[in-house]
Amino acid sequence: FLFTMTPPLRNDYDHDALWEGLKNKELDFITTDHCPFTNAQKAWKGSFLDLPYGLPGVETLLPLIYSEGVVKGRIALTDVPLLLSERPARINGIYPKKGTLRIGADADIVVFDPNEEWVISADKLHMATDFSPYQGWTVNGRVDTVLLRGKVVYSDGEFRGEEGAGRFVPFSKQ
């Protein structure tokens, strides 16, 4: 019951079709619904109507996309910032404030070490959950540093930002 989500997990044919759609630019972006439920919250309560749907995934998204996509040759390295940053910002009407590195943008930057290999373990993640659907997976690449509007908010495995530092960015037509 931990892996209940909508849409549900699919078979290898569906997985391959999604990677092909990303590679061929038929899909615009990659995201996660990031629902950091705990084992207790996902426990069976007698009905599928009572299960919370969704999985934790925001912290593992970039390493998984790099490891499963780039390293395995399913997508190009240059596709990663397009799929995870630029295109979502454009579609949600917050580009060029977000989703780009240029004058006037917010300078939100992720420093990613593609050479670090590690094993995903829920007890080592920073998400408010006690499980990961990727528990035990070996991945290549790890986020080293995160900057929000040019200020370091994550480094050395620790949050260094200030609570409430986020800002609303309104939708704007381009």
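For the structure given in this document, a descriptive report is provided here. (Residues numbered from 1 in each chain as written. Predicted model: local features only at pLDDT ≥ 70, side-chain atom pairs only at ≥ 80, totals over all residues. Heavy atoms only, no water.)

**Details of the overall build of the protein**
At step 1: Helix and strand content of the protein: four helices and four strands.
At step 2: Overall, the protein shows an N-to-C arrangement of helices and strands of α-α-α-α-β-β-β-β.
At step 3: Scaling as 2.2 N^0.38, a compact globule of 174 residues should have a C-alpha radius of gyration of about 16 Å, and the protein matches this with 17 Å.
At step 4: Expressed as lengths along the three principal axes of its C-alpha atoms, the size of the protein is roughly 55 × 40 × 35 Å.
At step 5: Out of the 174 residues in the protein, the part that is buried amounts to 32%.
At step 6: A total accessible area of about 11100 Å² is found for the protein, and carbon and sulfur atoms account for 56% of it. (Helix = DSSP H or I, 4+ residues; strand = E, 2+ residues; numbered from the N terminus. Rg over C-alpha atoms; globule rule 2.2 N^0.38 Å. Buried < 20%, exposed > 50% of the residue type's maximum accessible area, 1.4 Å probe, protein only. Areas by Shrake-Rupley, 256 points an atom, 1.4 Å probe, with all protein chains shown as cover.)

**A look at the nonpolar core**
At step 1: Counting residues in each nonpolar core, the largest one holds 11 residues, listed as Trp19, Leu22, Ile30, Leu61, Leu62, Ile65, Tyr66, Val70, Ile75, Val80 and Leu83.
At step 2: Looking at this core element by element, the count peaks at five residues for helix 3 (residues 61–70).
At step 3: The contacts of tryptophan 19, once residues within four sequence positions are left out, are Ile65, Glu68, Gly69, Arg74 and Ile75.
At step 4: The next biggest cluster of nonpolar side chains, apart from the first, holds six residues, and it includes Leu64, Ile120, Leu125 and Met127. (Core = buried A, V, L, I, M, F, W, Y, C linked by side-chain atoms within 4.5 Å. Contact = heavy atoms within 4.5 Å.)

**With respect to the sheet that holds strand 3 (residues 151–155)**
At step 1: Spatially, 1-2-3-4 is the arrangement adopted by the four strands of the open sheet, whose pairing is antiparallel. Because the sheet does not close on itself, it has two edges, and the strands there are strand 1 (109–119) and strand 4 (158–159).
At step 2: The strands touched by helix 3 within the sheet are strand 1 and strand 2 (138–148), with strand 2 carrying the most contacts at an inclination of about 135°. (Pairing = 2+ DSSP bridges. Axes fitted to C-alpha atoms, helices over the stretch in contact; angles between N-to-C directions.)

Shape is all these values report; function is a separate question.
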